[in-house]
Amino acid sequence: MFLFLIIASTISCGKKVSQENVSTTPKEPKKETVVGGDSDSHGCKASAGYTWSVLKKECIRVFENSTRLNHAEDGKTYSTVSYVIFDGNKAELFLDTQKESIILERKSEGDSWVNGDWQLIPWKGYVLKKGEKILYTGE
């Protein structure tokens, strides 16, 4: 019985000490990470891979149902990729070198898509030029 009292007394003192430590330690506010809290002005969640498409007028994942464009051979190594999506006679470019997408348009089937000095040529896949310089190719 004496042993039981010693053990019980030790446990209750231990709880009291640990409660004192908790109450004397100042509490820091919890920092909560909100998943998907990175919506852009259109409501697209970049963390889920979505970006706004001017052409489709909705949030899309550009890596789905699109054509990948690779930088043309210029001796540099790139870790990013670019994409183009098509809708009728229009194409929307999502380039790793541009903040906003670029809309191109063609007059008829088989023609190149054009916007100013940007030109997407359907040749052995696709060739994207700005002025006379080939910047991207894709299949």
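Residues numbered from 1 in each chain as written. Predicted model: local features only at pLDDT ≥ 70, side-chain atom pairs only at ≥ 80, totals over all residues. Heavy atoms only, no water.

Caption draft 1: Just the pattern of salt bridges, in detail. Enumeration over the complete set of coordinates arrives at three salt bridges. Between Arg61 and Glu64 there is a salt bridge, with the nearest N and O atoms lying 3.4 Å from each other. Here Glu64 falls in the partly exposed class, since its relative accessible area comes to 40%. Glu132 serves as the salt-bridge partner of Lys129, at 3.8 Å between the closest nitrogen and oxygen. What makes Glu132 exposed here is its relative accessible area of 71%. (Salt bridge = Lys/Arg side-chain N within 4 Å of Asp/Glu carboxyl O. Buried < 20%, exposed > 50% of the residue type's maximum accessible area, 1.4 Å probe, protein only.)

Caption draft 2: Representation of the state of the cysteines in the model. Going through the model one piece at a time under the given rule, you end up with one disulfide. Sulfur-sulfur distance for the disulfide between Cys44 and Cys59 comes to 2.1 Å. Across the disulfide from Cys44 to Cys59, rotation about the S-S bond amounts to roughly -90°, and the bridge is consequently left-handed. One end of the pair, Cys44, is in the loop between helix H1 (2-24) and strand S1 (51-53); the other, Cys59, is in strand S2 (residues 58-60), with 15 residues separating them in the sequence. The exposure class of Cys44 is buried, given its relative accessible area of 1%. The exposure class of Cys59 is partly exposed, given its relative accessible area of 27%. (Disulfide = S-S within 2.5 Å. Helix = DSSP H or I, 4+ residues; strand = E, 2+ residues; numbered from the N terminus.)

Caption draft 3: Structural detail: the nonpolar core. Ranked by internal contacts, the top residues of the largest apolar core, which has 13 residues, are Leu69, Leu93, Leu95, Leu104, Trp118, Leu120 and Leu128. Of all the secondary structure elements, the ones that give two or more residues to this core are strand S5 (90-94), strand S6 (102-105), strand S8 (118-121) and strand S9 (126-130). Here Leu93 is in contact with Leu69, Tyr83, Val84, Ser101, Ile102, Leu104, Trp118 and Leu128, once residues within four sequence places are set aside. Ile60, Val62, Tyr83 and Phe94 belong to the second largest nonpolar core, which has six residues in total. (Core = buried A, V, L, I, M, F, W, Y, C linked by side-chain atoms within 4.5 Å. Contact = heavy atoms within 4.5 Å.)

Caption draft 4: Structural detail: the side chain of Glu92. When you line up the elements, Glu92 lands in strand S5. Looking at Glu92, its side chain comes within polar contact range of the side chain of Ser101, at 2.5 Å. Ignoring sequence-local partners within four residues, the contact set of Glu92 consists of Trp52, Ser53, Val54, Leu55, Lys56, Tyr83, Val84, Ile85, Ser101, Ile102 and Ile103. (Polar contact = N/O pair within 3.5 Å; in protein donor to acceptor, adjacent residues only side chain to side chain.)

Caption draft 5: Focus on the confidence of the model for the chain. With 73% of its residues at a pLDDT of 70 or more, the chain has an overall mean of 81. Low confidence marks residues 1-6, where pLDDT is under 50. Its contacts with residues over four positions away, or in another chain, come to zero contacts. Here residues 13-21 is modelled with pLDDT under 50, and outside its nearest four sequence neighbours on either side it reaches zero contacts, counting other chains as well. (pLDDT = per-residue confidence, 0-100.)

Caption draft 6: Fine view of the side chain of Ser53. The topology assignment puts Ser53 in strand S1. When its relative accessible area of 0% is taken as the criterion, Ser53 is described as buried. Not counting residues up to four positions away in its chain, the partners in contact with Ser53 are Glu58, Ile60, Ile85, Glu92 and Phe94.

Caption draft 7: Here's a closer look at the environment of Asp74. By the secondary structure assignment, Asp74 is in the loop between strand S3 (67-71) and strand S4 (82-87). Judged by its relative accessible area of 42%, Asp74 falls in the partly exposed class.

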